[in-house]
Every structure is written in structure tokens, then in C-alpha cells.
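What follows is each chain in one-letter form.
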Amino acid sequence: MLAGTFIPSKDAISLTRAPHIARASTTVVVRFSNATGLPQLPDNDPNANPRGMAIRFQLAEHVHTDIISHSVDGFPVRTRLEFLEFLRAVAASDPAKLSGSPLEAFLGSHPAALAFVQPKPVPASFAREAFFGVTALRS
């Protein structure tokens, strides 16, 4: 974790109505994480992907704006129903025996999900990692 001050560019006001853009500065707290949530898993373990970064803009007491991001550009599936199917396949599968499992069948019929779960290179540090916003907006 780290804490700091966000100072927006003078041109940022033309891009958004976010309250932290209209201020001269805003206190921020940034949290970095690994995907698993397992505290014993080292940051340099490939199984720790994707990485996460959350930024909290402190606007007032109990008032804030959060940005949640991870190091994978995209999501394993397109719909909420496919996501539920994916989670059920994961829960019904033994990671040590994927052959013939519900997860293997799901990934075989969802190429984007298969690409999503493939191991990614371990970054040299969180500072060199690219992060992407997690949103439900159309791009």
C-alpha cells in the first residue's frame, strides 16, 4: 500500500466530471494485490496473476471514489451467465486433474476464457505492470 496526493492535469477537466479532477489536489491511497488473495503466495509466483491495483480518492470523511483495475486487459467471458458457468466449472474441477473436467470442457468452448487463464509473464515489479480498469462500460 501507499498513500499520496493526486494532482490533476489542467486539461483533465475537459474529460470528466469526477470530483477529484475539479480539485487542486486529492489524497489517495493505493493498494496492490495478487489475484489469489493468499498471503503466503510470493509476488513473483506466476500463479499470483493477475495483479490488482485499487486507488481510493479521499473526497471527504466517508466519501470517496475508487478505481479498481487488474493486469489483464479484459475478462474471461462476455455475460453474467457465462461467468456463472465459468465459476461453477472451476468449483467442480480438481486443478490437479483437469483432463475431462468441467473446467476443461468450458475452456474448450470459450477461447477467450482459455486465453484469460493462460500463465502470464511475471512483471519485474508492480511499477512496470500495465493495469486496466474493471468496468461494465462498452468500449
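In what follows, the accompanying structure is described. Quick caveat: nothing in here was measured; it's all calculated off a predicted structure.

The number of helices and strands found in the protein is three helices and five strands. Since a compact globule built from 139 residues should have a radius of gyration of about 14 Å, the 18 Å found for the protein marks it as more spread out than a globular shape. The dimensions of the protein, computed from C-alpha atoms along their principal axes, are 55 × 35 × 25 Å. A burial count over the protein gives 27% of its 139 residues as buried. Intrachain contacts of the protein at a sequence separation of at least 6 include 47% that bridge at least 24 residues.

Looking now at the pattern of salt bridges. Under the defined criterion, the tally for this structure stands at one salt bridge. With its nearest N and O atoms 2.8 Å apart, the salt bridge here joins Arg-56 to Asp-66. Pair noted here: Arg-56 is in strand β3 (residues 51-60) and Asp-66 is in strand β4 (residues 63-70), with a separation of 10 residues, a long-range link. Exposure remark for Arg-56: the relative accessible area of 33% places this residue in the partly exposed category.

What follows covers the packing of aromatic side chains. Note on aromatic pairs: each is described by the distance of the centres and the angle between the planes. Tallied over the entire structure, the rule returns six aromatic pairs. On the numbers, 5.0 Å between centres and 50° between planes, the contact of Phe-75 with Phe-83 is tilted. Between Phe-75 and Phe-116, the aromatic rings sit 6.5 Å apart at their centres with planes inclined by 55°, giving tilted as the arrangement. Note that Phe-75 is positioned in the loop between β4 and α1 (80-91) and Phe-116 in helix α3 (residues 111-117), a separation of 41 residues in sequence. Given the relative accessible area of 43%, Phe-75 is considered partly exposed. Grouped by ring-pair contacts, the aromatic residues Phe-75, Phe-83, Phe-86, Phe-106 and Phe-116 constitute a single cluster.

Packing of α1 against helix α2 (residues 102-109) leaves a shortest axis separation of 7 Å and a crossing angle of 145°. α2 is crossed by α1, and the crossing has left-handed handedness. Along its contact with α1, which presents Glu-82, Glu-85, Phe-86, Ala-89 and Val-90, the element α2 presents Pro-102, Leu-103, Phe-106 and Leu-107. Classifying every residue of the contact of α1 with α2 gives seven nonpolar, no polar and two charged.

With that settled, consider α2. Those residues of α2 not exposed but buried are Leu-103, Phe-106 and Leu-107. Looking down the long axis of α2, one finds its buried residues gathered within 95° of arc, a one-sided arrangement. Facing away from the buried surface of α2 by more than 90 degrees, the exposed residues are Ala-105 and Gly-108. For α2, the secondary structure elements touched by its buried residues are α1 and α3.

Another aspect to go through is the nonpolar core. In this structure, Val-77, Phe-86, Ala-89, Leu-103, Phe-106, Leu-107 and Ala-113 together form the largest nonpolar core, which totals seven residues. Put simply, the parts of the chain that give this core at least two residues each are α1 and α2. The greatest single-element share of this core, amounting to three residues, is contributed by α2. Setting aside chain neighbours within four positions, we find Phe-106 in contact with Val-77, Glu-82, Glu-85, Phe-86, Ala-89 and Ala-113.

Our next topic: the sheet that holds β3. Judged by pairing direction, the sheet is antiparallel, and its five strands sit side by side in the order β1-β2-β3-β4-β5 without closing on themselves. One side of each edge strand has no neighbouring strand; the edge strands of this open sheet are β1 (2-6) and β5 (132-133). As judged from the five bridges shared by β1 and strand β2 (residues 26-34), these two strands associate in the antiparallel manner. Bridged to Gly-4 within β2 is Val-28.

Conventions adopted
Residues numbered from 1 in each chain as written. Predicted model: local features only at pLDDT ≥ 70, side-chain atom pairs only at ≥ 80, totals over all residues. Heavy atoms only, no water. Helix = DSSP H or I, 4+ residues; strand = E, 2+ residues; numbered from the N terminus. Rg over C-alpha atoms; globule rule 2.2 N^0.38 Å. Buried < 20%, exposed > 50% of the residue type's maximum accessible area, 1.4 Å probe, protein only. Contact = heavy atoms within 4.5 Å. Salt bridge = Lys/Arg side-chain N within 4 Å of Asp/Glu carboxyl O. Phe/Tyr/Trp six-rings, centres within 6.5 Å; stacked < 30°, edge-to-face > 60°. Axes fitted to C-alpha atoms, helices over the stretch in contact; angles between N-to-C directions. Left-handed = near helix turned anticlockwise from the far one by under 90°. Nonpolar A, V, L, I, M, F, W, Y, C, P; charged D, E, K, R; others polar. Arc of directions from axis to C-beta. Core = buried A, V, L, I, M, F, W, Y, C linked by side-chain atoms within 4.5 Å. Pairing = 2+ DSSP bridges.

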